[in-house]
Amino acid sequence: MGKLLAALLCFIGLAVCRHSNRPMTGAEVNTMLKHYDVVPNIIDESENFDQLVVMFNYTIYLDYGTKLIPQQIENKPTSLQWPVFGKELYSLVFIEPDHPTKAQEKHHEFVHWLVVNIPGTQINKGDEIIEYIGYRSFYEDKKPHRLIFLVYQQPHGEPMEFNITRLIPEQVVERGHHLNFTARKFAADYDLTGPTAVNLGFIDCERMWHGRKYKVFKNDSVNDFTDLPFPEDLTTKAPPTTKRTPKPDAKKEKKHGRRH
């Protein structure tokens, strides 16, 4: 009964904010995050959360529970805004804690994007340690996954060194259990404040890119997936290579005698 009442109050508060076009208070954001098991499982409770405005494709806003499809997050957000203080530097984290499946027990969070040393909200001037990728899946999962954006304030207002493996978009598996990343540990390791701003949505896992499930080659030249269990129906074998033999000339070469 208590959870039902909390959920009801949460959605009433969200509806009021949308109707009145006013920003949510820190307490309302905290209630929303608690309802979706973000607080306290992934980040600590706070009454001081600021709203993090996230917009994809210039038109699609992430609005504390928005359900998206893979196509909509294939590219970086076109706008990210949060309250800034003076000349402080910030770190931005985009994680998917339910990857690869919601039912599977995990002790890490899949990292879609990590940018540090951001002056204010100028993402393009920050240091992109883990380059952005959209939704990737090697397993079928009918339950929606949480997509969480977190902003942390860095100490001292000076650029910091982060001892985190740099990853490019082609490195997918490395963003999961190999990286062993959690937002809480990240904040503790580098003495970050926050998250000061947060937002979340959901990815509709049943609606894959162009309606198809992602397939992965076992013998992928970039990523080594051999240490993961792959069900037969989710594995695609690389197409066999065929060697072409040159066709013999139809005309026979004429033998020419030497001229004396």
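Remember, it's a predicted structure, so these values are computed and weren't measured experimentally. (Residues numbered from 1 in each chain as written. Predicted model: local features only at pLDDT ≥ 70, side-chain atom pairs only at ≥ 80, totals over all residues. Heavy atoms only, no water.)

### Structural notes on the overall build of the chain
Counting its regular elements, the chain contains 3 helices and 12 strands. Looking at the chain as a whole, 45% of its 260 residues qualify as buried. Just so you have it, the chain exposes about 15,800 Å², and 52% of that area is on carbon and sulfur atoms. (Helix = DSSP H or I, 4+ residues; strand = E, 2+ residues; numbered from the N terminus. Buried < 20%, exposed > 50% of the residue type's maximum accessible area, 1.4 Å probe, protein only. Areas by Shrake-Rupley, 256 points an atom, 1.4 Å probe, with all protein chains shown as cover.)

### Let's talk about unusual backbone geometry
With an omega of 0°, the peptide bond running from Val 39 to Pro 40 counts as cis. Mapped onto the elements of the fold, Pro 40 is located in the loop between helix H2 (26–35) and strand E1 (50–51). The omega angle of the peptide bond from Gly 194 to Pro 195 is 20°, so this bond is cis rather than trans. Here Pro 195 is to be found in strand E10 (residues 193–203). A positive phi angle is found at Tyr 58, which is not glycine, with a value near 65°. Structurally, the position occupied by Tyr 58 is in the loop between strand E2 (53–56) and strand E3 (60–62). The phi torsion at Tyr 64 lies on the positive side, around 50°, for a residue other than glycine. Mapped onto the secondary structure, Tyr 64 falls in the loop between E3 and strand E4 (66–68).

### What to know about the sheet that holds E3
Across the sheet, which stays open at both edges, the 3 strands sit in the order E3-E2-E5 with antiparallel pairing between neighbours. Strand pairing shows two members of the sheet lacking a second neighbour, E3 and strand E5 (79–81), which therefore form its edges. Averaged over all neighbouring strand pairs, the angle between strand axes comes to 15°, with direction disregarded. Two elements, E2 and E5, share 3 bridges in a ladder whose sense is antiparallel. Residue pairing in the sheet places Val 54 in a bridge with Leu 80 of E5. (Pairing = 2+ DSSP bridges. Axes fitted to C-alpha atoms, helices over the stretch in contact; angles between N-to-C directions.)

### So, the nonpolar core
Of all hydrophobic cores here, the largest spans 35 residues; its most connected members are Leu 114 and Phe 186. Among the elements of the structure, H2, strand E6 (89–96), strand E7 (110–119), strand E8 (127–130), strand E9 (145–153), helix H3 (183–189) and E10 are those that each provide at least two residues to this core. Not counting residues up to four positions away in its chain, the partners in contact with Leu 114 are Leu 92, Val 93, Asp 127, Glu 128, Ile 129, Ile 130, Ile 164, Phe 181 and Phe 186. In terms of nonpolar packing, the next biggest core, distinct from the first, is built from 24 residues, Ile 73, Tyr 90, Leu 92 and Phe 149 among them. (Core = buried A, V, L, I, M, F, W, Y, C linked by side-chain atoms within 4.5 Å. Contact = heavy atoms within 4.5 Å.)

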